[in-house]
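Each chain, written out:
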Amino acid sequence: MLFGQTLFYQRFGDLFTFSKSRTFEIQDNYYNPVGDKLFYTGEAYFNNHAKTEDGKLYYEMGRDNWVQVTSKILVGNLMFFNLEGY
């Protein structure tokens, strides 16, 4: 194993466990905080391409094409979000 690598089951330990037969078993009580989000990007990139007007958050999808953000969640340094019309 290379320095800095983690095993799959260590990174996703809340979702998977090892059984006695050394196979993965999926936990049935796992909650996915990202849920139905269709888009994601780094937090800094999102903040540089977002603006608020009249109390609504907009994200720039292409040059001067602003679309309203309908929901978002920050996980670590990744922003997951949905846009109106998608």
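Residues numbered from 1 in each chain as written. Predicted model: local features only at pLDDT ≥ 70, side-chain atom pairs only at ≥ 80, totals over all residues. Heavy atoms only, no water.

**Brief notes about the nonpolar core**
Buried together is how nonpolar side chains tend to be arranged in soluble globular proteins. This is how it is decided: Residues enter a nonpolar core if they are buried and are Ala, Val, Leu, Ile, Met, Phe, Trp, Tyr or Cys, with the set joined through side-chain atoms within 4.5 Å. Only protein chains enter the calculation, and the probe is 1.4 Å; a residue is then buried if its accessible area is under 20% of its type maximum, exposed if over 50%, and partly exposed in between. Going along the chain from the N terminus, every DSSP run of H or I of four or more residues is numbered as a helix, and every run of E of two or more is numbered as a strand. When checking whether two residues touch, look at their non-hydrogen atoms; a contact exists if any pair is within 4.5 Å.
Among the nonpolar cores identified, the biggest contains 7 residues, and these are F46, Y59, V67, V69, M79, F81 and L83. When residues of this core are traced back to their parent elements, those giving at least two are β6 (66-75) and β7 (78-83). A per-element tally of this core places β7 first, with 3 residues. In contact with Y59, other than residues within four places in its own chain, are T41, Y45, F46, H49, A50, N65, W66, V67, V69, F81 and L83.

**Digging into the confidence of the model for the chain**
For the record, the criterion: Along the chain, pLDDT gives the predictor's confidence residue by residue, from 0 to 100.
With 64% of its residues at a pLDDT of at least 70, the chain reaches an overall mean of 77. Across residues 1-13, confidence stays below pLDDT 50; counting only partners more than four residues off in sequence or on other chains, it has 6 contacts.

**Description of the pairing of strand β4 (residues 50-53)**
To keep things clear, this is the line we draw: At least two bridges found by DSSP between two strands are what make those strands a pair.
Bridge count for β4 against strand β5 (residues 56-60) is 4 bridges, and the pairing is antiparallel. Pairing of A50 across the sheet is with Y59, part of β5. With antiparallel pairing between neighbouring strands as the criterion, β4 and β5 make up a hairpin whose turn holds 2 residues, including D54 at a positive phi of roughly 50°.

**Comments concerning the sheet that holds β4**
Using the following cut-off: As a rule, the C-alpha atoms of each element are fitted with a line to give its axis, helices using only the stretch in contact, and angles between N-to-C directions run from 0 to 180 degrees.
Strand order in the open sheet formed by 5 strands is β3-β7-β6-β5-β4, with antiparallel pairing between adjacent strands. Because the sheet does not close on itself, it has two edges, and the strands there are β3 (39-42) and β4. Averaged over all neighbouring strand pairs, the angle between strand axes comes to 45°, with direction disregarded. Of the strand pairs in this sheet, β5 and β6 are connected by 3 bridges, and their pairing is antiparallel. Paired with Y59 across the strands is V67, a residue of β6.

**What about the environment of N65?**
Within the secondary structure, N65 sits in the loop between β5 and β6. Not counting chain neighbours up to four residues away, the residues in contact with N65 comprise Y59 and E60.

**Side note on the packing of aromatic side chains**
Note the threshold: Classification of ring pairs uses Phe, Tyr and Trp, with its six-membered ring standing for Trp, and accepts pairs whose centres are within 6.5 Å; under 30 degrees between planes counts as stacked, over 60 as edge-to-face, and the remaining range as tilted. A ring is scored as having a charge over it whenever the NZ atom of a lysine or the CZ atom of an arginine sits within 6 Å of its centre and within 35 degrees of its normal.
According to the stated counting rule, one finds 6 aromatic pairs in the structure shown. Relative to F81, the ring of F39 has its centre 5.7 Å away and its plane inclined at 25°; by these criteria the two rings are stacked. Of this pair, F39 sits in strand β3 while F81 sits in strand β7, and the two are 42 residues apart along the sequence. F81 gets classed as buried once you look at its relative accessible area, which sits at 2%. Three or more aromatic residues link up through ring pairs in this structure, and these residues are F39, F46, Y59, F81 and Y86. Over the ring of W66 we find K51; its NZ or CZ atom is 4.3 Å from the centre of that ring.

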